[in-house]
Amino acid sequence: AFCSWHFGRRSKALAPVSAMIGLQPGKLLASSDIQNMASPWLCRAVTGNCKHGYQTASGSSDTCSLVARSDVVEDDALLPQQQQQQQQQEATEFSGDDGCPSTSLVSATTGEGAWQHHRQRLLVLGGTLLVVLALSTLAVVACLTTSVARISNVDPSLRLSASGDKNYFAVDGIQDAFSIIFRHSGEEDQDPGEKIVAREDEHKSQAKQRLQVPHHGLKGPPMSPKVGPSAPIEPISGPPASVSSASKPPASIQPTTGPPATPAPSSTLPAKPRASQCNVTTPIPQFPSGLRSWKLSPSWRVACERKKEKKGWYPFERNWCWVAMKDECHANLKKHMSWTTIQDHAANKGNTVPVSSSPFFPLESPEVCDRPHKGVSTTWSRKDWKQSYKWAKENVKFYVLNLPTDVERWAKISGRLKTLHVEAKRVLGVDMRVKGTLEKAKAEGWVPYDFNFNASQKNANSRRQHMGNILGTLGCASAHFKAQAQAIEDSGPLAVVFEDDSWPEHDFIPRLWSLVTAELPCDWEVTALMSRCPYGKCVSDHLVRVQPDGNEPAWRCHQGVNWGMHGVLYRIETLKQVQRKWKAAVFNEETPHCMDVDVALASISDKVSYYAVPAVQKPGFLVEQNLGSSRWNINVGSVKSN
């Protein structure tokens, strides 16, 4: 359209004009084509040149083509007066009607009225394009400004460089094959950390907001510890003196927007929440219906699947990019690594998708709790120490699971608890290697009477489950339900069950008191005090609302996340109801992975209000001693004996 003689501009870029009428530049036009044109100037434009000097083909009256004229001079080279004279001269040469005249220049108009009409249209079109160009320029500038601001505000640990991207699936020669797949997928490379910046920025804005209306119709300020300069405090026979300071409320966030939110299960909510058992002003977290998973392109999933195939893993309906990311977490269980760091390490080894290309956050709102520094010890005031120990004495009973033969383990954990002035009851573990133990466990109700261990073991040995011996796993599950039964019988408001390889921190009691009274929402039923490879949503500085892993199928019990039963806090008034759902998952012969009680509890976390303290926090509430796993030793020992 800009090829009009009126504008005095010449352009050879007429492919879009040609495409409008289905012809290529320079192609001869039939008279029928010419008659169908919106205006005759298109006849000239479609020839592929905007210079004046077009005539019809020699000896023809129904086609038009370019005829060079030596007397035609570019308008741009003329002075204004000369341009005006040439335009007037050319105007006198224009004649004809709706088509291309046979022996004269191809006209841009069919008369003075038509010319005025087309002139107005061209002026409007030109003005519109200029406005669009200006708006586009402003939009680009705004986007660049926003990107710079986001990058400057993001957590430095998340600003990943592209240096590791060169190792994408470099192992086993997958890089070349995948690069071909990826190019044809239509996806483009992205700036490193771009998605992380956007996601983190969104969550930071949500974390700054607060819900003002207390739940359950109760009012009152949340209890929170007083904090001050960090300084180690060794346990003594009584609350130590310390300088008190202003209280620091825990971080909380609003539910994220998106799909319809589903509140936490309400069937087991306590009728009358008490301030000694939860923070009555903390909002109950909500989450979208359905299970959340990592959305990856087919090309990424195929590349990860092929890599696992080479290692002998059978590619059932699993996300093998996610499996590789979890494997990296499992290989570093005792290291305080965030999920972003874990994904970065796995990608640098060529095992999963790089963070810069497709970051995944197993913990939503990771800036709230998925950080090592969140576990740093607080300096508690003398009042805090005194109040926390009084609260623990009135509300919490402590138990330790320990096999009868593991006397040394019992000596260590009991000694540690005495140092912390914590009285704990020993609950003997369940050793399924001893004849008659399974029958006794069924009689006591720790294991359902109709449970068929042989059928469960057969499924565990299948290629699909790939588990091996699970005798020690059965004993571990039975022992935890035994400890729960003891806590229910003792009828305290709350109970903490330790495994015998746990080592609570020196300020465990103040930490626990603060967690319950200042952070835990009143719908909580079970809280793991150290959860490895956690999956869910950060809801406060030290809490994750656990959710099932939507990346893993149900036949695997959504296995591989939220590991650890080293220290678990129970709410006694709802524990029986939790047990019914929990046991149904653990003792299902078709899903032997659910026999791991921590895995099973995470798999039903959409039915049970399950919270956890992420193990990334250093040092956190407790650590695991290097004593080995009794469950694992029994499983392996049973295989050797067989």
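Details of the structure are given in the entry above.
Residues numbered from 1 in each chain as written. Predicted model: local features only at pLDDT ≥ 70, side-chain atom pairs only at ≥ 80, totals over all residues. Heavy atoms only, no water.

Caption draft 1: Structural context of unusual backbone geometry. The omega angle of the peptide bond from Lys618 to Pro619 is 0°, so this bond is cis rather than trans. As for its position among the elements, Pro619 is in the loop between β14 (610–614) and β15 (622–624). Residues other than glycine seldom take positive phi values, yet Cys533 does so here, at roughly 50°. Along the polypeptide, Cys533 turns up in the loop between β10 (526–531) and β11 (536–540). For Cys557, which is not a glycine, the phi torsion comes out positive at approximately 65°. Mapped onto the elements, Cys557 comes out in the loop between β12 (543–546) and β13 (567–571). You can call Cys557 buried: its relative accessible area is 1%. (Helix = DSSP H or I, 4+ residues; strand = E, 2+ residues; numbered from the N terminus. Buried < 20%, exposed > 50% of the residue type's maximum accessible area, 1.4 Å probe, protein only.)

Caption draft 2: Inspection of the nonpolar core at higher detail. Ranked by internal contacts, the top residues of the largest apolar core, which has 71 residues, are Trp294, Trp322, Trp339, Leu474, Tyr570, Trp582 and Val586. At eight residues, the largest contribution of residues to this core is made by helix α16 (residues 471–490). Every residue in contact with Trp294, bar those within four places of it in the chain, is listed here: Asn319, Cys321, Trp322, Met325, Gln343, Thr352, Val353, Ser358, Pro359, Phe360 and Asn551. In terms of nonpolar packing, the next biggest core, distinct from the first, is built from 35 residues, Cys278, Phe508, Leu515 and Leu622 among them. (Core = buried A, V, L, I, M, F, W, Y, C linked by side-chain atoms within 4.5 Å. Contact = heavy atoms within 4.5 Å.)

Caption draft 3: Quick look at the side chain of His566. Position of His566 relative to the elements: it lies in the loop between β12 and β13. Here His566 is in contact with Val497, Phe498, Glu499, Asp501, Ser502, Met530, Arg532, Leu622 and Glu624, once residues within four sequence places are set aside.

Caption draft 4: Representation of the packing of α16 against helix α18 (residues 572–586) in the model. Between α16 and α18, the least distance of the axes is 10 Å, while the angle of their chain directions is 160°. Between α16 and α18, the interaxial angle falls into the category roughly antiparallel. As α16 packs across α18, the resulting crossing turns out to be left-handed. Along the contact surface, α16 presents Ala477, Phe481, Gln484, Ala485, Ala487 and Ile488, while α18 presents Ile572, Leu575, Lys576, Gln579, Trp582, Lys583 and Val586. Taken together, the residues that form the contact of α16 with α18 break down as nine nonpolar, two polar and two charged. (Axes fitted to C-alpha atoms, helices over the stretch in contact; angles between N-to-C directions. Parallel < 35°, antiparallel > 145°, perpendicular 65-115°, else oblique. Left-handed = near helix turned anticlockwise from the far one by under 90°. Nonpolar A, V, L, I, M, F, W, Y, C, P; charged D, E, K, R; others polar.)

Caption draft 5: Inspection of the state of the cysteines at higher detail. Applying the stated criterion across every chain, the model contains five disulfides. Through a disulfide, Cys329 is tied to Cys533; the S-S separation comes to 2.0 Å. Handedness here is read from the sign of the S-S torsion; for Cys329 and Cys533, about -110°, the answer is left-handed. With Cys329 in helix α9 (residues 320–330) and Cys533 in the loop between β10 and β11, this residue pair connects regions lying 204 residues apart in the sequence. The pair Cys329 / Cys533 is uniform in exposure class, with both members buried. Disulfide pairing is shown between Cys557 and Cys594; the S-S distance is 1.8 Å. Disulfide Cys557-Cys594: the torsion about the S-S bond is 105°, which places it as right-handed. Here Cys557, found in the loop between β12 and β13, pairs with Cys594, found in the loop between α18 and α19 (597–603); they are 37 residues apart in sequence, far enough to count as distant. Given the relative accessible area of 5%, Cys594 is considered buried. (Disulfide = S-S within 2.5 Å.)

Caption draft 6: Expanded view of the environment of Trp313. Here Trp313 shows up in the loop between α8 (298–310) and α9. Residues Trp313 and Arg464, 151 residues apart in the sequence, show an inter-C-alpha distance of 9.6 Å. Contact partners of Trp313, with chain neighbours within four places excluded, come to Lys308, Arg318, Trp320 and His466.

Caption draft 7: Up close: the pattern of salt bridges. Within the structure shown, the criterion is met by 15 salt bridges. Here Arg274 and Glu573 are joined by a salt bridge, their closest N and O atoms 3.9 Å apart. With Arg274 in the loop between β3 (261–263) and β4 (286–288) and Glu573 in helix α18, this pair connects stretches of sequence that are 299 residues apart. Among the residues examined, Glu573 registers a relative accessible area of 40% and is labelled partly exposed. Arg318 is the partner of Glu552 in a salt bridge, and the nearest nitrogen-oxygen pair spans 2.8 Å. (Salt bridge = Lys/Arg side-chain N within 4 Å of Asp/Glu carboxyl O.)

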